[in-house]
Amino acid sequence: MNFIQFNPARCDLCGKCIERCPFGALSMGERSIQVADSCRMCGVCVRSCPQRAITFEQKADAIDKSDWRDFLIYVEQERGDIHPVAYELIGEARKLAAKVNYKVNCVIVGGPGTAENAAKLLPYGVDEVFVYEDAGFEGFRADCYADAVADCIAHIKPSSVLIGATALGRSLAPRLSTRFHTGLTADCTSLDIQPNTDMVQIRPAFGGNIMAQILITHSRPQFATVRYRVMDRAVRVSQPTGKVTLCQVSKDMTRSGITVLASTLIEKVKTIEEAERIVAVGRGVRNEEGLELCRQLAEALGAQLAFSRPMVEQGIGDQLHQIGLSGHTVRPKLIITCGVSGAIQFTSCMSGAETIVAINTDPNAQIFGVASYCIVDDLYQVVPQLTQLLRNRKED
């Protein structure tokens, strides 16, 4: 595998890239720099070239897809623990891997304690966890983390790489796909795989009006970021057989162009994605009075208040609490929808709830197609009664 390209018009054979290569993969030829198989695509040579003569390039149909196998999951750490989206990615990858006889591997990058977190993944059926642990990885810096994950990808050559569509994942994924000159599908809500190992990446397009199926057919690896709370969490296996592999971390890998001047720990606020109970407000809530009724119901239920897209567009709700393809995906134990019509853009992002109670005056409302309990009535009459029943139960 050699994606490194040298521009002879710019390269003056100064040798700085050879000196900086942490893997000894570069050597001086008669007229150009030679690249050995030990190259790990870390990017140090690209950044160290004063003439900007080095680039990465992968041409369509220039690779043998059979050389690229298995799934690789990037495991994000948050506040010293594994982000829950990693377990969802593992669960989905195991389903897809079974169709094409692939393994499911993980890569995790971070400071001290990372190897301990890596061991937590083995009971969920992963085959191997590659660990890049170093004090230099304390705190996320996109360039350093990209170097580490790219090193893993270049070493094991996975067919598909799955990354959580978190703030960190959305920063890391495009850097990796650009480095390997391959495709990336962002914010996937569903995945499948064909017998030829092309992954079918499904995501909303055109404002959520269609669900696009995207395939990366001429390059590898295939990159996809996946929304949190849209996949089923991986289940534990009875007899784990995976292993943890500690990977070499070079000084260049932890050297960053980013200088952290100060950092402040932001208090974590529970989002609607993590809520176990939700009261969702739709266009049937016509005024402030109706909104207040729904807010009181949410308080009595110990639930979070959420909104459909039309309500956010009207300025009644905010996007942090919006359910839908242009908002967030939720899987609570209970969701009560008040005046929500049930457009596909909304229902596709909440239909995974354990129990769905829908209140709407229209007996033909689409929301009733996914609801566990359907209440065909005026929410201005129903919601106050539900709220009072809940309050009475608390008093008892």
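Sequence order as written defines the numbering, with residues in each chain counted from 1. Where local features are concerned, this predicted model is filtered to residues with pLDDT of at least 70; where side-chain atom pairs are given and counted, the filter is 80 or more; whole-chain, interface and lining totals use all residues. Side-chain calculation: all heavy atoms of the structure are included, whereas hydrogens and water are not.

**What about the packing of helix H8 (residues 288–301) against helix H11 (residues 379–395)?**
Axes here refer to lines fitted to C-alpha atoms; in helices the fit is confined to the stretch in contact. Angles between the N-to-C directions go from 0 to 180 degrees. Helix and strand definitions here come from DSSP, where helices need a minimum of 4 consecutive H or I residues and strands a minimum of 2 consecutive E residues; each element is numbered from the N-terminal end. Between H8 and H11, the least distance of the axes is 9 Å, while the angle of their chain directions is 25°. Here H11 runs roughly parallel to H8, going by the angle between their axes. In the crossing of H8 with H11, the sense of the turn from one axis to the other is left-handed. For the pair H8 and H11, contact is made by Glu289, Gly290, Leu293, Cys294, Gln296, Leu297, Glu299, Ala300 and Leu301 and by Tyr380, Val383, Pro384, Leu386, Thr387, Leu390, Arg391 and Lys394, respectively. Across the contact of H8 with H11, the residue classes break down as 10 nonpolar, 3 polar and 4 charged. Reported orientations rely on four angle classes, namely roughly parallel under 35 degrees, roughly antiparallel over 145, roughly perpendicular from 65 to 115, and oblique for the rest. The hand of a helix crossing depends on one turn: near helix anticlockwise from the far one by less than a right angle means left-handed, and clockwise means right-handed. Note on contacts: a residue pair is in contact if any heavy atoms of the two residues lie within 4.5 Å. Polar here means any residue other than Ala, Val, Leu, Ile, Met, Phe, Trp, Tyr, Cys and Pro, which are nonpolar, and Asp, Glu, Lys and Arg, which are charged; Gly is therefore polar.

**Digging into the sheet that holds strand E13 (residues 199–205)**
A pair of strands is treated as paired once DSSP finds two or more bridges between them. Pairing in this open sheet of 3 strands is antiparallel, and the strands run E12-E13-E14 from one edge to the other. Because the sheet does not close on itself, it has two edges, and the strands there are strand E12 (190–193) and strand E14 (210–214). Mean inter-strand twist for the sheet, computed between neighbouring axes without regard to direction, equals 25°. Bridge analysis of E13 against E14 gives 5 bridges, and the strand direction is antiparallel. By the bridge assignment, arginine 203 is partnered in E14 with alanine 212. Where helix H3 (residues 85–100) meets the sheet, it contacts E12 and E13, and its direction lies at approximately 15° from that of E12.

**Some details on the packing of aromatic side chains**
Two rings from Phe, Tyr or Trp (for Trp, the six-membered ring) form a pair when their centres sit within 6.5 Å of each other. Planes less than 30 degrees apart are called stacked, planes more than 60 degrees apart edge-to-face, and all others tilted. In total, this model carries 5 aromatic pairs according to the counting rule given. Ring plane angle 80° and centroid distance 5.8 Å describe the contact between phenylalanine 137 and tyrosine 145, whose orientation is recorded as edge-to-face. Consider the rings of phenylalanine 180 and phenylalanine 223, whose centres lie 6.5 Å apart with planes at 40°: the pair is tilted. Note that phenylalanine 180 is positioned in the loop between helix H6 (167–179) and strand E11 (184–188) and phenylalanine 223 in strand E15 (residues 222–226), a separation of 43 residues in sequence. Linked through ring pairs, Phe137, Phe140 and Tyr145 together constitute an aromatic cluster. The criterion for a charge sitting over a ring is simple: Lys NZ or Arg CZ within 6 Å of the ring centre, and within 35 degrees of the ring normal. Across from the ring centre of tyrosine 228, 6.0 Å away, lies the NZ or CZ of arginine 229, which sits over that ring. Lying across the ring of tyrosine 87, arginine 233 places its NZ or CZ 4.2 Å from the centre.

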